[in-house]
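Coordinate analysis (summary)
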Amino acid sequence: MKRNLNIYKDNQHDNLKAHLLVKKLMEEGEKLTFQFFYDDLTQANCVWIISEHIRTFKYMVCQESYDWILNYLVKGKSDDSNVDSIKIKEGEEGDKHIQTNVLMAFIEMKVIIQFTPLYKEQANLLTGVAQFPYGKIVFKVWRTQRIMDFLKDHDIVLS
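Residues numbered from 1 in each chain as written. Predicted model: local features only at pLDDT ≥ 70, side-chain atom pairs only at ≥ 80, totals over all residues. Heavy atoms only, no water.

**Quick look at the overall build of the protein chain**
Note the cut-off: Runs of H or I in DSSP of at least four residues are treated as helices and runs of E of at least two as strands, each being numbered from the N terminus. Type-normalised accessible area, obtained with a 1.4 Å probe on protein chains alone, sets the label of each residue: buried when under 20%, exposed when over 50%, and partly exposed for intermediate values. Residues are treated as being in contact if the distance between any of their heavy atoms lies within 4.5 Å.
In terms of regular secondary structure, the protein chain is built from 4 helices and 6 strands. Ordered by position from the N terminus, the helices and strands of the protein chain form the series α-β-β-β-α-α-β-β-β-α. A burial count over the protein chain gives 45% of its 159 residues as buried. Sequence-distant contacts, at least 24 apart, represent 55% of the contacts inside the protein chain between residues at least 6 apart.

**Side note on the environment of His19**
Test applied: Within 3.5 Å is the distance limit for a polar contact, defined as a pair of N or O atoms, with the added protein rule that one can donate a hydrogen and the other accept it, and that residues adjacent in sequence qualify only through two side-chain atoms.
Here His19 is to be found in helix α1 (residues 7-27). Among the residues examined, His19 registers a relative accessible area of 4% and is labelled buried. The contact partners of His19, leaving out residues within four places of it in the chain, are Tyr59, Trp68, Asp80, Val83 and Ser85. A polar contact is formed between the side chain of His19 and the side chain of Asp80, at a distance of 2.7 Å.

**Looking at the sheet that holds strand β3 (residues 57-60)**
The line we're drawing: Here the rule is simple: two strands pair whenever DSSP picks up at least two bridges between them. Note on definitions: angles span 0 to 180 degrees between N-to-C directions of axes, and those axes are lines fitted to C-alpha atoms, for helices only across the stretch in contact.
What the 6 strands build is an open sheet, ordered β3-β2-β1-β6-β5-β4; its pairing is mixed. Pairing within the sheet leaves two strands with one partner each, and these edge strands are β3 and β4 (114-115). As defined by bridge partners, strand β1 (residues 32-39) adjoins strand β2 (residues 44-50) across 7 bridges and the pair is classed as antiparallel. Paired with Phe34 across the two strands is Ile49, which belongs to β2. Packing of helix α2 (residues 63-75) onto the sheet brings it into contact with β1, β2, β3, β5 (125-132) and β6 (135-142), and relative to β1 it is tilted by some 160 degrees.

**Things to note about the packing of aromatic side chains**
The test is simple: Note on aromatic pairs: the rings of Phe, Tyr and Trp (six-membered ring only in Trp) are paired at centre separations within 6.5 Å, and the planes decide the class, stacked below 30 degrees, edge-to-face beyond 60, tilted for the rest.
Per the stated rule, a full pass over the model turns up 6 aromatic pairs. Consider the rings of Tyr72 and Tyr134, whose centres lie 5.6 Å apart with planes at 50 degrees: the pair is tilted. Highlighted residues: Tyr72 in helix α2 and Tyr134 in the loop between β5 and β6, separated in sequence by 62 residues. Of the residues examined, Tyr134 reaches a relative accessible area of 32% and is grouped as partly exposed. An aromatic cluster of three or more residues is present, and its members are Phe106, Phe132 and Phe139.

**Topic: α2**
An α-helical turn contains 3.6 residues, so a residue and the one three or four places further along point in the same direction. Spelled out, the test is: Helix span, expected: 1.5 Å multiplied by one less than the number of residues in the helix.
In a regular helix each residue adds 1.5 Å, so 13 residues correspond to 18 Å; α2 covers 18 Å between its end C-alpha atoms and thus fits that length. Turning to α2, its buried residues are Ser65, Tyr66, Trp68, Ile69, Leu70, Tyr72 and Leu73.

Below you can see the structure in the form of structure tokens.
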């Protein structure tokens, strides 16, 4: 019996289901929690999504879906007319540092991020949460010299 080992195509199909679920949760006004990450298997930018009523699930993102998520978090708008959930194509490599880069972009845009005190953290992780009216984004990034210098340059003091 021949098996389909093309995991990427299966993920594309699952991404359509994930997109429809996200849209349904948005239309119902759910407070959603997002955590961005890079998926080594698909080489795609993804986000873990959590709601009060649904277990964590993965959604692959492109620039349009990222903007759609932010628009929902800030304004509560669920219009996805500019989003093609199947836009991510095989061979389009994502940003391996998406979570760190989103965190840094938010800091540059002066988005308030609540960081966990370092003494409560694992030695090599930095965690923070950006709260919005319709949900939040959780960050768990490696505590590198690059990120620590960036925080210092932006006058963010972690205790």
